[in-house]
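Read off the chains here:
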Amino acid sequence: MENSITACDIEALGSAARKALAYLQTVGSRPVAPSTSAVRNLAQFDEPLPEAPTDTFCVIDLLDRIGSPGTVATAGGRFFGFVNGAALPVSVAATWIASSWDQNAALRVMSPTAAALEDVALGWVRDRLGLPPESGGAVVTGATMANFTGLAAARHALLERSGWDVENDGMFGAPRLTVVVGEEAHASLLKALGLLGLGRRRVIRVPVDEQGRMRADRMPALDDRTIVCIQAGNVNSGAFDPAAEICRRAREAGAWVHVDGAFGLWAAASPKYRHLTAGFDLADSWAADGHKWPNVGYDCGIAIVRNAAAMRAAMAISAAYFTPGELREPSHYTPEMSRRARGVELWASLRSLGRQGLAELIERTCRHARRFAEGLRAAGHEILNEVVINQVLVSFGEPAVTRAIIAKVQSEGTCWCGGTEWHGRPAMRISVSSWATTEEDVEMSLSAIRRIAEESRR
Ligand SMILES: *Cc1c(COP(=O)(O)O)cnc(C)c1O
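Source: prediction; values computed, not measured. (Residues numbered from 1 in each chain as written. Predicted model: local features only at pLDDT ≥ 70, side-chain atom pairs only at ≥ 80, totals over all residues. Heavy atoms only, no water.)

Asker: Let's hear about the sheet that holds strand S7 (residues 301–305): which residues, and what values?
Answerer: Spatially, the 7 strands line up as an open sheet ordered S1-S7-S6-S5-S4-S2-S3, and their pairing is mixed. Only two strands of the sheet have a single neighbouring strand rather than two, namely strand S1 (136–140) and strand S3 (204–206). Strand-to-strand twist in this sheet, taken as the mean axis angle between neighbours without regard to direction, amounts to 20 degrees. Relative to strand S6 (residues 285–289), strand S5 (residues 256–260) is paired through 3 bridges, and the arrangement is parallel. Paired with Val259 across the bridge in S6 is Trp286. Against the sheet, helix H10 (residues 308–315) contacts S1 and S7, and its axis sits at roughly 45 degrees relative to S1. (Pairing = 2+ DSSP bridges. Helix = DSSP H or I, 4+ residues; strand = E, 2+ residues; numbered from the N terminus. Axes fitted to C-alpha atoms, helices over the stretch in contact; angles between N-to-C directions. Contact = heavy atoms within 4.5 Å.)

Asker: Account for the nonpolar core, naming residues and giving values.
Answerer: Within the largest apolar cluster, 48 residues are counted, with the highest numbers of intra-cluster contacts made by Val228, Ile230, Trp266 and Leu346. Contributing elements (two or more residues each) for this core: helix H5 (112–129), strand S4 (226–231), helix H9 (243–253), S5, S6, S7 and helix H11 (343–378). In terms of residues, this core owes the most to one element, H11, which gives 7 residues. When we break this core down by domain, the ones giving at least three residues each are domain 2 (95–349) and domain 3 (355–457). (Core = buried A, V, L, I, M, F, W, Y, C linked by side-chain atoms within 4.5 Å. Buried < 20%, exposed > 50% of the residue type's maximum accessible area, 1.4 Å probe, protein only. Domains from an automatic or database assignment.)

Asker: Lay out the pairing of S6 in plain terms, naming residues and giving numbers.
Answerer: The buried fraction of S6 amounts to 5 of the 5 residues, a majority that puts the element mostly inside the structure. Burial along S6 is two-sided: the residues Ser285, Ala287 and Asp289 and Trp286 and Ala288 are all buried. With 5 bridges joining them, S6 and S7 adopt antiparallel strand pairing. From the neighbouring strand, Trp286 faces S7, where its bridge partner is Ile304.

Asker: Please set out the site of the ligand residue by residue, giving values where relevant.
Answerer: Around the ligand, the structure places 13 residues, and the nearest of them are Thr144, Asp260, Asp289, His291 and Lys292. Between an oxygen atom of the ligand and a main-chain N or O atom of Ala143, the distance comes to 2.9 Å. In isolation the ligand has 380 Å² of accessible area, and contact with the protein removes 84% of it. A class-by-class count of the residues in the shell around the ligand yields 4 nonpolar, 6 polar and 3 charged. (Near = heavy atom within 4 Å. Polar contact = N/O pair within 3.5 Å; in protein donor to acceptor, adjacent residues only side chain to side chain. Areas by Shrake-Rupley, 256 points an atom, 1.4 Å probe, with all protein chains shown as cover. Nonpolar A, V, L, I, M, F, W, Y, C, P; charged D, E, K, R; others polar.)

Asker: An account of the packing of helix H1 (residues 7–26) against helix H3 (residues 56–67) is needed here, citing residue identities and associated values.
Answerer: Running from N to C, H1 and H3 cross one another at 15 degrees; their axes reach a closest spacing of 8 Å. The pairing of H1 with H3 is recorded here as roughly parallel in orientation. As for how H1 packs across H3, the hand of that crossing is right-handed. Contact residues: Asp9, Glu11, Ala12, Ser15, Ala16 and Lys19 in H1; Thr56, Phe57, Ile60, Asp61 and Asp64 in H3. Of the residues that constitute the contact of H1 with H3, the class distribution is 4 nonpolar, 2 polar and 5 charged. (Parallel < 35°, antiparallel > 145°, perpendicular 65-115°, else oblique. Left-handed = near helix turned anticlockwise from the far one by under 90°.)

Asker: Could you give an account of a negative patch on the surface, naming the residues involved and the relevant values?
Answerer: A contiguous patch of negative charge on the surface is contributed by Glu160, Asp165, Glu167 and Asp169. By relative accessible area, which is 33% here, Asp165 ends up partly exposed. (Patch = residues over 30% accessible without salt bridge, like charges linked within 9 Å, V, L, I, M, F, W, Y side chains within 5 Å. Salt bridge = Lys/Arg side-chain N within 4 Å of Asp/Glu carboxyl O. Lys, Arg positive; Asp, Glu negative; His and termini not counted. Charge placed at Lys NZ, Arg CZ, Asp CG, Glu CD.)

Asker: Lay out the sheet that holds strand S8 (residues 382–383) in plain terms, naming residues and giving numbers.
Answerer: Read across the sheet, 4 strands follow the order S8-S9-S11-S10 without closing on themselves; strand pairing throughout is antiparallel. The sheet is open, and its two edges are formed by S8 and strand S10 (418–422), each paired on a single side. Taken together, the 2 bridges between S8 and strand S9 (residues 391–395) define a ladder with antiparallel strand orientation. When the bridges of S9 are listed, Ile383 appears paired with Val394. Helix H12 (residues 399–412) rests against S9, S10 and strand S11 (425–431) of the sheet, and its axis sits at about 30 degrees to S11.

Asker: Any details on unusual backbone geometry? Residues and values, ideally.
Answerer: With glycine set apart, most residues show a phi of negative sign, and most peptide bonds adopt trans. With an omega dihedral of -10 degrees, the bond running from Tyr298 to Asp299 counts as a cis peptide bond. Looking at where Asp299 falls in the secondary structure, it is placed in the loop between S6 and S7. For Asn295, which is not a glycine, the phi torsion comes out positive at approximately 60 degrees. Although it is not a glycine, His423 adopts a positive phi angle of roughly 50 degrees. Mapped onto the elements, His423 comes out in the loop between S10 and S11.

Asker: Describe the pattern of salt bridges, with residues and values.
Answerer: The full count for this structure, using the stated rule, is 28 salt bridges. The residue Arg339 makes a salt bridge to Glu118 at a minimum N-O spacing of 2.6 Å. Of the two residues, Arg339 sits in the loop between H10 and H11 while Glu118 sits in helix H5, which places them 221 residues apart along the sequence. Per residue, the accessibility class of Arg339 equals that of Glu118, and both read buried. The partner of Glu374 in a salt bridge is Arg371, and the shortest N-O contact between them spans 2.8 Å. Of this pair, Glu374 and Arg371 both sit in helix H11, 3 residues apart, roughly one helical turn. One salt-bridge network, held together by shared partners, links Arg108, Glu118, Asp119, Arg328, Glu336 and Arg339.

Asker: Tell me what's going on with the packing of helix H4 (residues 89–101) against H11, and back it up with residues and numbers.
Answerer: Working note: a packed helix pair is described by the angle between its axes plus the distance between those axes. For the pair H4 and H11, the least separation of the axes is 9 Å and the interaxial angle reads 145 degrees. Regarding H4 and H11, the two cross each other, and that crossing is right-handed. Here Val90, Ser91, Ala94, Thr95, Ala98 and Trp101 of H4 lie close against H11, whose contacting residues are Val344, Glu345, Ala348, Ser349 and Ser352.

Here it is, written out as structure tokens:
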């Protein structure tokens, strides 16, 4: 039995690279949503697991032939759904190398390179987001797990103050913690609270203003057993909670502030938009996504916690004591143990963009968003939010009309925009988060949306 890589395998790897390149070269000119026949063809994957082995080349051919046409063209420039970036070419290339390395990034001894690149990338992220350099950090799967990680550190720190060891004794019989969230908190933050035994529903919800910002004047009384969750970048409007005021009050009371800054916190990386993030640096923990605005490939989330010891106490597999000067062991700060070296793509993307490139990406996508708003308003459609960053909410009038237009835009294929609810009304959400979006993409998409809206209204 031959157990080293064969000439056939090498040939298959080369062919995979060529297929991937062909995909990337054509993804911008195909309909954004896959055709119904391409989706129907995915049924060909549904076969009994073959008895005999299949060679690498055949498996990769099958994957590309049936799989590629069934993908959504999020890697192109005209996908504006959810808040999804597209992987920068350097991120894709780094993935190819990192997959070949196949490192387990749990411990430094398993991969000095993975640990070193994570350390450096986390340092750059703290710097660009304006967060304390001594904070603990972790590269996780996304903002959901970054929220989970930050909130686990909060849970640890607040219960430790009452002499309660939550990692060992759990939440049964623990002193009560109060959790405060905005009425517009992202659903994934509530999920993280649920996973931590803090409860999705057992929260105090603070009313928001017309842009979805928490109202500081409606905050409940805070104490040192309260976790306040604020948001940098409302998933619909892009709005920022009044962090300076909320953090000031929380500090006075000894409460912990956690920031869900999945995409919005990256505004701090642009001199033009940095003012929107004023005061968020006063919080205690932060969640951000690499795979949204910075356009790192999936999956890449980042958790940062001011009190690195609390983060470690919440995440380390055993209560190993921290020795000063000790190098950071990745898995002491993450929910996972074995994990892929997702810091590699984060490092590569930031290294390639540089400070200027990152700022330019943020500013360019915001400019595209403003152009969408202006072009749709000029056609008589209603823009529901103040377009402060890269998010635009559009109404086409009656709820049923708006819903029908969103569905037609998605099936027509020039671009893809999702639907959402804003103040109880259905709305089209346009999120410009991709490095690949050009002015031409914006104009093409604008004309398609305007034409479809015109036809639907007639
Ligand atoms: C996307 C998003 C999340 C969830 O992030 P994932 O990376 O999908 O886990 C949380 N909060 C906000 C504000 C988001 O935009």
